[in-house]
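Coordinate analysis (summary)
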Amino acid sequence: MASSKPLSRFWEWGRNIVCVGRNYAEHAKEMGNALPREPLFFLKPSSAYVREGSPILRPYYCNNLHHEVELGVVIGKRAQAVSQEAAMEHVGGYALCLDMTARDTQEECKKKGLPWTLAKGFSSSCPVSDFVPKEKIPDPHKLKIWLRVNGELRQEGETSTMIFSVPYLISYISEIFTLEEGDLILTGSPKGVGSVQVNDEIEAGISDILSMRFKVAQQTRGS
Ligand SMILES: CC(=O)CC(=O)C(=O)O
Ligand SMILES: [Mg+2]
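Residues numbered from 1 in each chain as written. Chains lettered and ligands numbered in written order. Predicted model: local features only at pLDDT ≥ 70, side-chain atom pairs only at ≥ 80, totals over all residues. Heavy atoms only, no water.

Taken together, the buried positions of helix H3 (residues 103-112) are occupied by Arg 103, Thr 105, Gln 106 and Cys 109. For H3, the arc enclosing every buried residue in end-on projection is 155 degrees, short of the 170-degree limit, so these residues lie on one face. For H3, the exposed residues lying more than 90 degrees away from the buried face are Lys 111 and Lys 112. Packing partners of the buried residues in H3 comprise strand E5 (65-67), strand E8 (101-102) and helix H4 (117-120). (Buried < 20%, exposed > 50% of the residue type's maximum accessible area, 1.4 Å probe, protein only. Helix = DSSP H or I, 4+ residues; strand = E, 2+ residues; numbered from the N terminus. Arc of directions from axis to C-beta. Contact = heavy atoms within 4.5 Å.)

Next comes the structure, spelled out in structure tokens:
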């Protein structure tokens, strides 16, 4: 059942956050990974959302928190096993997102063959911008996404260089589980991911469409 909340506040709906990994060749290369033959994806809990005005919290168990700037696709209409041709009809809009990653924890998880939940799913691991209605972005593959830390440009990626396109991702994921209205797909990070420290300021944007700012703070255990 659809929420009574408007889609423009999709982060309040408590829906799925579906993240795609290794969707940009240069990022896969910088991480020492082979190019995927099929999309790799994982989930974040909806409590991972954080909005401007609240800090990104470095988890108490993390010594190497990384930024990953990503284009988010907000589902506007339930998608169950949809074709690539029909997929864009299920998009309601877009948002800029950060896939904050406890990189040291992720490396440990990889070594032990464990899921990435600890590394990718902590509270505040998904900073999200304002909602951009679909009509404002005629083609999501013609955008520049960028990220600065304390004013220094760290990431600048063209969404045209995604390995798997937005319709491909929606079609692929919707064959595995139904995408609901209010779900968000993070489409993967371009190259340039790197560490942030407590008190750093992250600024990120989509072309000349929007930008957002977040401060990094330390989570204390038990809070
Ligand atoms: C190496 C990763 O953490 C995968 C990922 O999240 C990405 O955006 O790529
Ligand atoms: Mg990512």
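Right, let's talk about the coordination of the magnesium ion (ligand 2) for a bit. Within the first shell, the magnesium ion (ligand 2) binds the protein through Glu 68 (OE), Glu 70 (OE) and Asp 99 (OD), at distances of 2.0 to 2.1 Å. Sequence spacing among the residues donating to the magnesium ion (ligand 2) works out to E-x1-E-x28-D. Residue Glu 70 is found in strand E6 (residues 69-75), and its partner Asp 99 is found in the loop between strand E7 (91-98) and E8; the two are separated by 29 residues along the sequence. According to the relative accessible area criterion, Glu 70 is buried, its value standing at 0%. Classification of Asp 99 as buried rests on a relative accessible area of 1%. (Donors = N, O, S within 2.8 Å, 3.2 Å for Na, K, Ca; no water.)

Take the sheet that holds E5 next. What the three strands build is an open sheet, ordered E8-E5-E14; its pairing is antiparallel. With partners counted over all chains shown, the strands left at the sheet margins are E8 and strand E14 (194-196), one partner each. Judged from the three bridges that link them, E5 and E14 form a sheet pairing that is antiparallel. From the neighbouring strand, His 67 faces E14, where its bridge partner is Gly 194. (Pairing = 2+ DSSP bridges.)

So, about the sheet that holds strand E10 (residues 132-133). Pairing is mixed in the open sheet, where six strands are placed in the order E2-E1-E13-E6-E7-E10. Each edge of the sheet is formed by a strand with only one pairing partner; in this case those strands are strand E2 (40-44) and E10. When E6 meets strand E13 (residues 184-186), the two strands line up antiparallel, connected through three bridges. When the sheet's bridge partners are listed, Gly 72 is paired in E13 with Leu 186.

What follows is about the pairing of E6. For E6, the buried fraction is high: seven of the seven residues fall into the buried class. Here E6 shows two buried faces, one formed by Val 69, Leu 71, Val 73 and Ile 75 and the other by Glu 70, Gly 72 and Val 74. Relative to E7, E6 runs antiparallel, the two being bridged by seven bridges. Paired with Glu 70 across the bridge in E7 is Cys 97.

Mapping Ile 56 onto the fold places it in strand E4 (residues 56-58). With 13 residues separating them in the primary sequence, Ile 56 and Val 69 have C-alpha atoms 14 Å apart. With residues up to four places along the chain from it excluded, the contact list for Ile 56 reads Leu 65, Leu 98, Met 100, Ser 124, Pro 127, Ile 202, Phe 214, Lys 215, Val 216 and Ala 217.

As for its position among the elements, Thr 187 is in the loop between E13 and E14. Polar contacts involving the side chain of Thr 187 include one to the main-chain carbonyl oxygen of Leu 71, which spans 2.7 Å. In contact with Thr 187, not counting residues within four places along its chain, are Val 20, Asn 23, Tyr 24, Glu 70, Leu 71, Val 73, Met 162 and Leu 169. (Polar contact = N/O pair within 3.5 Å; in protein donor to acceptor, adjacent residues only side chain to side chain.)

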